[in-house]
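Survey of secondary and tertiary structure
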Amino acid sequence: MQKFDSIRPFYDTEVNEAIHSAVNHPMMKALMGFTFPEVDEEVWKNQLKKTHSIRDFQCNFIYQSVQKVLEKSSEGLTTSGFEKLEPNTSYLFISNHRDIILDTSLLNVALFDHGLVMTASAIGDNLVQKSFLKTLSKLNRNFLVQRGLPPRELLESSKLMSEYIGQLLLRENRSVWIAQREGRTKDGNDATHSGVLKMLAMGSDEPKMLDYFKKIKIVPVSISYEYDPTDALKMPQLIAEAKNEIYIKEKNEDFVTLLSGIIGQKKRIHIHIGDVLDKELDAIAAEFDNNNKQIQALAQAIDDSILQSYKLWPTNYIAYDLLHKTDKYKNHYTENEKSLFERRLEMKIDENNPQMLESFLCMYANPVVNKSKYENAI
């Protein structure tokens, strides 16, 4: 068995066989029926059966699926910063994490549209327990992050993943997407976990860790949805945490969330690509010689980029004003936008539950608070 077989996506030589095994699965029929509603089943099946590479599968099928998701559940995707990236060049994209599937899928659509290298993307193995989902993720160039392991195995798994990411970036010229933290941000506070950076550093072959981080070209990515389609689903966990209770997921919770993220209403979406972290790494190297302090400073540099370039929508400003009972940001939204947001509150949560109301509003308001810290500092 090859070193990375337990976590890697399919090789192109394996793609056709995997497609043949999945083509008649009810979920494949559902996906293709959604993507190509006017196309006869035999037609898309024949096209699928002729597919022999991940790129063809992504461009001819998944790209179309994501376009359909945008058409049905959003008012469009806008982007900024992609022109800074070089073609035929691999980057390590570290992004804030709001939606299980869409964050990375939308980034890949934008990379494809700009003629840039698409990513191999990390996905938690807890999300692909069903064999069809595992096959689909491997066809879509996902690699597995092994979750819930005991400490020693977790260390070995992290080392394997860091080496695989290094292999993709430096030897295969393949960009990589990874979230800034394990699990999605549920309270609107996007923050890079140092554990993610420590894992990446394990793949280093450089005497100095920061030289390796320079080599792999870290690009912070900020993605913002006007409406979070899974906002109400995040409430039980937030409330449990507020009460210092351990939150235990329902059996199919991840799958329900995954589906809700795809089909739920998002309105507008924006992705911003930050600058490659380079001079920031020089500044960190000059200030700190301790690895842990360097990791903390790098996490801060990623956060600074993500939070400053986060696109704030009317929903964010409305939530802030409702939460603080103020009209500080009233110039950033219309009365109609405010009443729509209040309607969503009524439909999604129990407004008589103060804890739930506060958690829901904070989720949308926190990005305003976080971004304003930078604007006030200027």
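Computed from a prediction, not measured in an experiment: that's the story for all the values here.

Cut-off values and rules
Residues numbered from 1 in each chain as written. Predicted model: local features only at pLDDT ≥ 70, side-chain atom pairs only at ≥ 80, totals over all residues. Heavy atoms only, no water. Patch = residues over 30% accessible without salt bridge, like charges linked within 9 Å, V, L, I, M, F, W, Y side chains within 5 Å. Areas by Shrake-Rupley, 256 points an atom, 1.4 Å probe, with all protein chains shown as cover. Salt bridge = Lys/Arg side-chain N within 4 Å of Asp/Glu carboxyl O. Lys, Arg positive; Asp, Glu negative; His and termini not counted. Charge placed at Lys NZ, Arg CZ, Asp CG, Glu CD. Helix = DSSP H or I, 4+ residues; strand = E, 2+ residues; numbered from the N terminus. Buried < 20%, exposed > 50% of the residue type's maximum accessible area, 1.4 Å probe, protein only. Pairing = 2+ DSSP bridges. Core = buried A, V, L, I, M, F, W, Y, C linked by side-chain atoms within 4.5 Å. Contact = heavy atoms within 4.5 Å. Axes fitted to C-alpha atoms, helices over the stretch in contact; angles between N-to-C directions. Phe/Tyr/Trp six-rings, centres within 6.5 Å; stacked < 30°, edge-to-face > 60°. Lys NZ or Arg CZ within 6 Å of the ring centre and 35° of its normal. 1 Å grid on protein atoms, 1.4 Å probe; cavity = no way out; pocket = protein on both sides within 12 Å on 5 of 7 lines; lining within 4 Å. Points joined across faces, edges and corners; volume = space filled by probe spheres on them. Nonpolar A, V, L, I, M, F, W, Y, C, P; charged D, E, K, R; others polar. Left-handed = near helix turned anticlockwise from the far one by under 90°.

1. Let's talk about a negative patch on the surface
- A surface patch of negative charge is lined by E335, E342, E346, D350 and E351.
- If you trace the backbone, E342 turns up in helix α15 (residues 335-348).

2. Remarks on the pairing of strand β5 (residues 175-179)
- Across the 5 residues of β5, 5 count as buried, placing the element largely inside the fold.
- Burial of β5 is two-sided: the residues S175, W177 and A179 facing one way and the residues V176 and I178 facing the other way are all buried.
- Relative to β5, strand β2 (residues 92-95) runs parallel, the two being bridged by 4 bridges. Note that in β5 the partner of I94 across the bridge is I178.
- Taken together, the 3 bridges between strand β3 (residues 119-124) and β5 define a ladder with parallel strand orientation. Each bridged residue has a counterpart across the sheet, and for A120 the counterpart in β5 is V176.

3. Looking at the nonpolar core
- By size, the foremost hydrophobic cluster in this structure holds 86 residues, and its most contacted members are L92, F93, I165 and F213.
- Residue contributions to this core peak at 9 residues, all from helix α4 (residues 54-73).
- Contact partners of I165, with chain neighbours within four places excluded, come to L92, F143, V176, I178, M199 and L200.

4. Some details on the sheet that holds strand β1 (residues 74-80)
- Strand order in the open sheet formed by 7 strands is β1-β7-β6-β2-β5-β3-β4, and the pairing between neighbours is mixed. Looking along the sheet, the strands with just one partner apiece sit at the ends: β1 and β4 (142-145). Each strand of the sheet is rotated relative to its neighbour by a mean of 25°, with strand direction disregarded.

5. Section: the pattern of salt bridges
- Considering all chains together, one arrives at 17 salt bridges under this definition.
- We note a salt bridge from K45 to E41, for which the minimum N-O separation is 2.8 Å. Of this pair, K45 and E41 are both found in helix α3 (residues 41-49), 4 residues apart, which corresponds to roughly one turn of the helix.
- When its relative accessible area of 6% is taken as the criterion, K45 is described as buried.
- Residue classification places E41 among the partly exposed positions, given a relative accessible area of 31%.
- A cluster of three or more residues bridged by salt bridges with shared partners is formed by K3, K159 and E163.

6. Notes on the packing of aromatic side chains
- In total, this model carries 14 aromatic pairs according to the counting rule given.
- On the numbers, 5.3 Å between centres and 85° between planes, the contact of F341 with Y364 is edge-to-face. Residue F341 is found in helix α15, and its partner Y364 is found in helix α16 (residues 354-377); the two are separated by 23 residues along the sequence. Neither F341 nor Y364 differs from the other in exposure class; each is buried.
- A connected cluster of aromatic rings, assembled from ring pairs, spans Y227, F341, F360 and Y364.
- Between the NZ or CZ atom of R8 and the centre of the ring of Y11, over which it lies, the distance is 3.6 Å.
- Stacked on the ring of W313, the Lys or Arg K311 has its end atom at 5.2 Å from the ring centre.

7. Here's the deal with empty space enclosed by the protein
- Inspection of the entire model under this criterion finds 2 cavities of 30 Å³ or more.
- By volume, the largest cavity is sized at about 90 Å³.
- Forming the boundary of the largest cavity are Q58, I62, Y63, V66, S105, N108, V109, F112, M118 and N140.
- Only α4 and α5 (102-113) provide two or more residues apiece to the lining of the largest cavity.
- Partitioned by chemical class, the residues of the lining of the largest cavity number 6 nonpolar, 4 polar and no charged.
- Volume-wise, the second largest cavity comes out at about 60 Å³.

8. Some points on the side chain of D228
- Tracing the chain through its elements places D228 in the loop between β6 (218-225) and α10 (235-242).
- Owing to a relative accessible area of 9%, D228 belongs among the buried residues under this scheme.
- Setting aside residues no more than four positions away along its own chain, D228 makes contact with K234, R344, M363 and Y364.

9. Here's the deal with the layout of surface pockets
- There is about 270 Å³ of room inside the second largest pocket.
- F10, Y11, Y164, L168 and E172 are the residues nearest the centre of the second largest pocket, which is lined by 16 residues in total.
- For the lining of the second largest pocket, the element with the most residues is helix α7 (residues 151-171), which contributes 3 residues.
- Taken together, the residues of the lining of the second largest pocket sort by class into 8 nonpolar, 2 polar and 6 charged.

10. Some details on the packing of helix α2 (residues 26-35) against α4
- Two elements in contact, α2 and α4, have axes separated by 9 Å at closest approach and are oriented at 60°. For the pair α2 and α4, the sense of crossing is left-handed. Touching L31, M32, F34 and T35 of α2 are F61, I62, Q64, S65, K68, V69 and K72, all from α4.
- A breakdown of the residues in the contact of α2 with α4 according to their chemical character gives 6 nonpolar, 3 polar and 2 charged.

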